Amino acid sequence: MRKITSKRCWIDGQLRAATITIDQGQIAAIDLGTNTTAQDFGNNIIMPGILDVHVHVNEPGRTEWEGFETITQAAAAGGITSIVDMPLNASPVSTTVEAFKLKLEASKNKMNVNCGFYGGLIPGNSHEIEGLIKAGVLGIKCFLTHSGIDEFPNVTEKDLDIAMPIIAKYNIPLLVHCELEDGFKNNLQEIPGSYSAYLDSRPKKWENDAISMMIHLCKKHQCRVHIVHVSSAEALKDIEQAKADGLPISAETCAQYLLFNAEEIPDNSTIYKCAPPIREKANNGQLKNALKSGILDFITTDHSPAPERLKEIESGSFHKAWGGIAGVQFLLPAAWQSLNSILKLEEFIPLLTENPAKFIHQDKKGKIAIGFDADITIWNPESSIKPTEQGIFFKHKISPYIGKTMLGEVLETIVSGETVFKNNSILKSHQGKWLIQA
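Residues numbered from 1 in each chain as written. Predicted model: local features only at pLDDT ≥ 70, side-chain atom pairs only at ≥ 80, totals over all residues. Heavy atoms only, no water.

Colleague: A description of the state of the cysteines should follow, citing residues and the corresponding values.
Modeller: Within the structure shown, the criterion is met by zero disulfides. Of the cysteine sulfurs around cysteine 223, a residue in no disulfide, the closest is that of cysteine 218, at 7.1 Å. Unpaired in terms of disulfides, cysteine 254 finds its nearest cysteine sulfur in cysteine 274, a separation of 7.6 Å. Classification of cysteine 254 by relative accessible area gives buried; the value is 0%. (Disulfide = S-S within 2.5 Å. Buried < 20%, exposed > 50% of the residue type's maximum accessible area, 1.4 Å probe, protein only.)

Colleague: So what's going on with the environment of aspartate 363? Which residues, and what values?
Modeller: If you trace the backbone, aspartate 363 turns up in the loop between helix H12 (354-359) and strand S15 (376-385). In sequence terms aspartate 363 and aspartate 373 are ten residues apart; their C-alpha atoms lie 9.4 Å from each other. (Helix = DSSP H or I, 4+ residues; strand = E, 2+ residues; numbered from the N terminus.)

Colleague: Could you give me a rundown of the sheet that holds strand S9 (residues 119-120), with the residues and numbers involved?
Modeller: If you walk across this open sheet you meet the six strands as S9-S10-S11-S12-S13-S14, and the pairing is parallel. Edge positions in the open sheet fall to S9 and strand S14 (298-300), since each of these has one partner strand only. The sheet contact formed by S9 and strand S10 (residues 140-143) spans two bridges and is parallel. The residue of S10 that forms the bridge with glycine 120 is lysine 141. Along the sheet, helix H4 (residues 157-168) contacts S10, strand S11 (174-177) and strand S12 (225-227); its crossing angle with S11, the most-contacted strand, is approximately 145°. (Pairing = 2+ DSSP bridges. Contact = heavy atoms within 4.5 Å. Axes fitted to C-alpha atoms, helices over the stretch in contact; angles between N-to-C directions.)

Colleague: Go over the sheet that holds strand S7 (residues 80-85) with me, naming the residues and quoting the values.
Modeller: Across the sheet, which stays open at both edges, the four strands sit in the order S6-S7-S8-S19 with parallel pairing between neighbours. Looking at the sheet topology across the chains shown, the edges are occupied by strand S6 (50-55) and strand S19 (434-435). As paired strands, S6 and S7 are joined by four bridges and run parallel to one another. Looking across to S7, one finds that valine 55 is bridged to aspartate 85. Here helix H2 (residues 97-107) sits on the sheet and contacts S7, strand S8 (114-117) and S19; the angle it forms with S8, its principal contact strand, is near 170°.

Colleague: Which residues make up the packing of helix H6 (residues 204-221) against helix H7 (residues 236-244), and what values do they have?
Modeller: In the contact formed by H6 and H7, the axes pass within 10 Å of each other and the chain directions differ by 10°. Classed by the angle they form, the pair H6 and H7 counts as roughly parallel. Contact with H6, carried on its side by Ile211, Ser212 and Ile215, involves Asp238, Ile239 and Ala242 of H7 and no other residues of that element. Residues belonging to the contact of H6 with H7 are distributed by class as follows: four nonpolar, one polar and one charged. (Parallel < 35°, antiparallel > 145°, perpendicular 65-115°, else oblique. Nonpolar A, V, L, I, M, F, W, Y, C, P; charged D, E, K, R; others polar.)

Next comes the structure, spelled out in C-alpha cells:
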C-alpha cells in the first residue's frame, strides 16, 4: 500500500488538495486534503496517466526502427502510462488474426507501459475484420492514400462500404488517415530540399475532401469514424457540423501540429517531415482553438520513428525522407507549451487522459477514482525542459523536439501502482499490460 498527496490532484474535474491511497495496482481511497503520512508532492500535479492512442511501434519485423522496449521506456519518461499501436509499420502488418497474434507475442516481457493495438483494413481483407475485433483490437485503421508501407495499401470507398457495416456492429472506431490524392502536380522532385515544396505537395484539399467523404460514409453506415492527425483547419467546420448532426465521429490532432509551423521549418530539415504536413502558423492556431471548443477531442503524437538513413538526414530530401516524427516522450510538454496560453489546466488535462481513455473504451483509466487503475502521472506545469539526445529513451535520437524549450516537466510515472519512471531513469521495468477489447 502507498499513499501520495499534493495540493493539486485531478479529482472529479478539479485540481484540489488530496491524498490518494494505492493498493494492489488500483486506487483504493481518496481523501480530500493533504496527509503528513503520505509521500508529499507539494504543488506538483497528480493526475491520471496519459494515454497516447496513436503510435507506431514497428515490432515485429522492423525493430531496427523501434520496438516495444524502447518506445515504452520513452512513453514512461513522458508521463504516458498507455499507448495504442497502429497496425502497419510492423512486418507482418496486423491485417489478419494470425499477424495480430505475432504482434502480441512480440510484445511480451517488453512493455514498460500498457499497450493496446489496432487492426488494419486493406483492400480484400474485410473477412478478417470480425476476427481481429474478437481477438481484442481497440479499433480498425485504414489509409485513403499510400501509407508508405507497400504491404498496407489504401482502401477505396467501395472497400469501406463493405467493411464499415461489420465494424459498426461492434461499436469500435474506424480510424482513418484522411488524404485523397486528386492528380495535383507538384515540383517537389525538382527542389527536394524545399519545405514549402513539400507542404504544397500535400495540399489541404486532399485532407478536406477525404474528411468530407468519411463524414458521408459515417452517416450512411452509422459506423464510428475517427479522423487521425487533423492538420487542415479548413476541415474543422465539417467535423463540427457532423458532430452537431449527431454522427458518431471524433477527431484528434498531434503535438507537432500545435508546437511547430511551416514558416519556421528550415529547408533540408527532414526531421519535421510527417504526413499530413505541419502547416502554417495561422492554420495551426485554429487547431488549438478547436481543442478548446471540443471540435477536436484529444491530442496524440503519431510517433513514427525511422533510422537516420531513412530520414535522409544527410541529403535533406523531403521527397525521399520517411514521413514520420519521433515524439512519444514529449507529448505532455509539447502540448502544454502550445496550449497553456489559451487553455486552463482544467481544460487541458482531459485532452491527454479522460478523452482518449473514453475513445478506446478503457473504463478503468483516465480518472483518479476509487476502483480505477493506479496509472498516474506526476508533473510540474511551471517547470521548463530542453531535451537532449542523451535524455531520449526512444531508439533513434532524431526528433525536432531536441533542443526545443517546452513547459512541463514529468517527475514520476506510475503504472499499475508501481513507479516506472523517476529521476530521469526507468526504475521498474515491464509493468505494462495488454489493453484488449472485451
